[in-house]
Every structure is written in structure tokens, then in C-alpha cells.
2 protein chains.
Amino acid sequence: MTSTGTDTALHADAARPSRREQILRAAAQLFAERGSRSVGVDDVGAAVGVTGPAIYRHFASKDAMLAEMLLRISERLLAGGTERVAAAGADPLAQLRALIAFQVDFALDNPALITVHDRDLPTLSDADAHEVRRLQRRYVEVWVGVLTALHPTAGVEACRARAHAVFGLVNSTPHLDSRLPRARTAGLLAAMAEAAATSSSQA
Amino acid sequence: MTSTGTDTALHADAARPSRREQILRAAAQLFAERGSRSVGVDDVGAAVGVTGPAIYRHFASKDAMLAEMLLRISERLLAGGTERVAAAGADPLAQLRALIAFQVDFALDNPALITVHDRDLPTLSDADAHEVRRLQRRYVEVWVGVLTALHPTAGVEACRARAHAVFGLVNSTPHLDSRLPRARTAGLLAAMAEAAATSSSQA
DNA sequence: CGCAGATGTTAACGACGGTTCACGGCGGGG
DNA sequence: CCCCGCCGTGAACCGTCGTTAACATCTGCG
């Protein structure tokens, strides 16, 4: 919520909130709708009112744009998740609820980022893809830690699968026609996620 | 399970199981790994041991390949779902379990198809995309019908959201490192999906 | 035997799109 | 005032890739 919350990245220009951020936002929207490979540089430019090549005043390449986008998402998730768990005290169920609330909020606020996050990862360079996966893995492990506490008899692998399944559930937000009020959707997703995460280990 | 189960489609050549199917299978795998736009015709050809242009002896275009792939998936899901519900009798909970078992089996057997199914829909032609969405919608409505019976007080919109969330949960299979035995994963996903689908309506 | 059709191959075409280049306006500090 | 870094433009370059064309090969059948 603080003004420093926005500049997650390794880029020192906190004093350029405007054009660069504008481009990233517009690109995220377009990438989510049609896939990064189907969106031209000209399209992104047009979405912010400039021509295609103008993009290169702000980003080294189209790939660099995507890379920064995905890295930011992964960093925000990891940081937010870690923070929420720490703030939730020692009760595993409270920690789980905090994680779920966080992920639900993020997914409802940024459906486009959710979509791009797991659709366009393969198009990244090997180095960038590796870094994004590293961050994702660490975020997953935060969940696995909490889930392991809740399911002491279950193996780590089962908890990891559970975590991915809950992600899939919550990250279904891009598929929802948002005709019902946000609060209702949030409540529904949170309830379903908690039920899924705490369901008994055997069918 | 029967031999007729494979030819879901409107194509009369049931007598050509080999090369054409081979290409579709290989393409699905490649598309899932790297996205259809990032996969060249030459790549698909190489995957089945021929050169790129040879593809055009079997498909009118690369887009037609993708279209047929997505249409088949949607048709299989709709047909299978409808059939399972009909076979499950009148009990809504039994119907739900049948649907979940079906979706879990499909998602575990065809993770690549699951990935392509919701990632490459935007790259289809408008006409094909429309048809695929129409089939998807009908499949969703099968679920919505069952869920509405289970949650009589909840609105249709809420049930639709619930359906999408369950899809997201079950369709997380592409993200699972399959280190644990398939039966365990299937049981886990089914249990989570049922818990999520039947969770109380309010948080 | 030799035509026909199905299946492949290599070479070439043509379009699309990311990137670069050369240039122009705009604003602030010496 | 004038110079310079920032930001933008239009034109051109060039690699990639879907697609087509022209030319073999093999099989089966009359």
C-alpha cells in the first residue's frame, strides 16, 4: 500500500511512474487476451497512444518486457505470501486462511497477470524462465509448509500437489464472467479453497 | 474404451489411424510445451519424422490443425460429461462424483490437451473459436445443472463460478510433477474437488 | 506393364513483425 | 541563447515461418 510497494524491481527509476508502467499494464492486458506472440509491438504502442518503435525507449526488447512483467508478478506473490504468513501467527489454519485471502485478492484484482503468468512462461529466455520458476517454487514452498502443518501424515509431494490444485482453483478468475459482486466471488473462492485445502487426505 | 471412442469427429476417415493422428498427438505435445505460435510446422513434422510441408498432405493449414484439436477436446468433454451424468442416476451427489471422476481421468490422461485447450483458444479463427466456446459452454452447463441441484439456494451465477473453480482445480494436472502414483493423485484431486464443490455457500 | 493416387522432399515465395536508423521537437541548465 | 538528453516518428532492414510449386517414390490395380 505504501508508495514503495509499486517498485518491486531492480530498476532504479522510481521517478518514472508514467509511461513505462502504462506500457506494462497495457501489454499485460493485451498479452492476456491474445497471447504475447500474437500481440505486436505496434499493438502495445497503440494501446498507450504511441507508435511501435517508441517502446524501445523504455524496454530493450519485447522479450525484456515480458520478462519484467513475469518477474514482478512472481516477486509480488512471493513477498506477499511470505508476509501474510508471518503476520498470521503460529496457527496453521490461520496461516492458510491468510494465504488464501491473499491469493484470492490478487487473482481478482489482476486476472490478466494471472493469465500471462502461466501462459507465457515458455516464451521467456532460458535464464529469465529459470529465475521466474525459482520464485514460483519458493512461493509454492510457502504453501507447502502451511499445508504440511495441516496434514502431518501426508507426504510433501501430496502437499505440493494440493498447493497447485488450490492455485488452479483460485486462479480460475480469468474465466469468470464477473456478473456477481466481487465480495461474493471472493467469499465463494475462499470457502472453496479452504474446503479443498483441508479436505481429508483420502477419497 | 471401444474402438469407436477415438473417432469423435466429423471426419469420415476412420481408416487412417496412423499418420494424421500421429501428427495431432505430436502437435498437441509441442503446443502444450511451447505454445502453438512458437511451434513451427517444421517442428511438428520433425516430431513425427517428416519435413514441414508434408503436414499439408494431412491438414489444410496449421490453424486447421489447432482447430480440429480443440474441437475434438471440447466434443470429448461434452460427450463424456453428458454420458457420465446420465449413467449416474438421479442422485445429484452421485452425478457430481461421476463428473469429477471423469474430469480427473481426462486431465490426468491428457495434460497436454488441457494446457492447449485454454491457452490457444484465442489464436483460433473467430468461427472456430465460437464453436469451441459453444461446446465449452454446454459442458459447463452440465456441471451447473448438477451443482444447482446440490445448492438449491445458490444462484446460477454462483454455481457457474463454482464450476469454473473446480475445473481450475482439476486441470492443475499439467503443473504436477508426477512423482506420486497416478491413483493417489486421482484420489487427492477427486477428494479436493468434491470438497470444493460441496462446500457451504458462504465463507 | 504402366497409370493413379497418396505421401514426401527440396526450393522458393511472400507476409508479418521485431528491431534499427536517421531525424525532429521539447524542455531545462550553463 | 543554445546545447543536450529524453521521447517520439516514419522508413527501412531482415529473419522467421506459413504456404505453395515442382518434382520423386511407392503401392496397388486394371
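Residues numbered from 1 in each chain as written. Chains lettered and ligands numbered in written order. Predicted model: local features only at pLDDT ≥ 70, side-chain atom pairs only at ≥ 80, totals over all residues. Heavy atoms only, no water.

1. Here we look at the protein's contact with DNA strand C
Defined as follows: For this description, a residue counts as near a given molecule or strand if any of its non-hydrogen atoms is within 4 Å of it. In the analysis that follows, any N or O atom pair within 3.5 Å is treated as a polar contact, provided that within protein one partner can donate a hydrogen and the other can accept it, and provided that, for residues neighboring in sequence, both atoms belong to side chains. Each residue is assigned to one class: nonpolar for Ala, Val, Leu, Ile, Met, Phe, Trp, Tyr, Cys and Pro, charged for Asp, Glu, Lys and Arg, and polar for all the others, Gly among them.
Around DNA strand C lies a shell of 16 residues, among which Val-41 and Tyr-56 of chain A together with Arg-19, Thr-51 and Arg-57 of chain B are the nearest. The protein-proximal atoms of DNA strand C, defined as those within 4 Å of the protein, are 55% sugar or phosphate. A distance of 2.8 Å separates a phosphate oxygen of DNA strand C from a polar side-chain atom of Lys-62 of chain A. Looking at the surface near DNA strand C residue by residue, the classes come out as 7 nonpolar, 4 polar and 5 charged.

2. Let's talk about the UniProt feature "DNA-binding region" (unreviewed entry) in chain A
We count it as follows: UniProt positions are given in the numbering used here, feature names are shortened, and annotations may be inferred rather than shown by experiment. The helix count covers DSSP runs of H or I at least four residues long, the strand count covers runs of E at least two residues long, and both are numbered beginning at the N terminus.
Per the UniProt entry, the sites bearing "DNA-binding region" (unreviewed entry) are residues 40-59 of chain A in this numbering. Each end of residues 40-59 of chain A is marked by a C-alpha atom, and these two atoms are 14 Å apart; helix forms 40% of the span and strand 0%.

3. Structural notes on the protein's contact with DNA strand D
By nearness alone, 16 residues border DNA strand D, and Arg-19, Thr-51 and Arg-57 of chain A together with Val-41 and Tyr-56 of chain B come closest of all. Sugar plus phosphate, as a fraction of atoms of DNA strand D within 4 Å of the protein: 55%. A distance of 2.5 Å separates a phosphate oxygen of DNA strand D from a polar atom in the side chain of Arg-19 of chain A. The separation between a base nitrogen of DNA strand D and a polar side-chain atom of Arg-57 of chain B is 3.5 Å. Within the surface near DNA strand D, the residues separate by chemical class into 7 nonpolar, 4 polar and 5 charged.

4. Let's talk about the packing of aromatic side chains
Applied cut-off: Ring pairs shown here join Phe, Tyr and Trp side chains whose ring centres sit within 6.5 Å, with only the six-membered ring taken for Trp; geometry is labelled stacked below 30 degrees between planes, edge-to-face above 60, and tilted in between. Only protein chains enter the accessibility calculation, which uses a 1.4 Å probe; a residue whose area is less than 20% of its type maximum is buried, one above 50% is exposed, and one in between is partly exposed.
Inspection of the entire model under this criterion finds 6 aromatic pairs over all chains. Measuring from ring centre to ring centre gives 5.1 Å for Trp-143 of chain A and Phe-167 of chain A, while their planes differ by 80°; the resulting arrangement is edge-to-face. Of this pair, Trp-143 of chain A sits in helix α6 (residues 126-150) while Phe-167 of chain A sits in helix α7 (residues 156-170), and the two are 24 residues apart along the sequence. The pair formed by Trp-143 of chain A and Phe-167 of chain A is uniform in burial state, with each residue classed as buried. Relative to Trp-143 of chain B, the ring of Tyr-139 of chain B lies with its centre 6.4 Å away and its plane at 80°, an arrangement referred to as edge-to-face.

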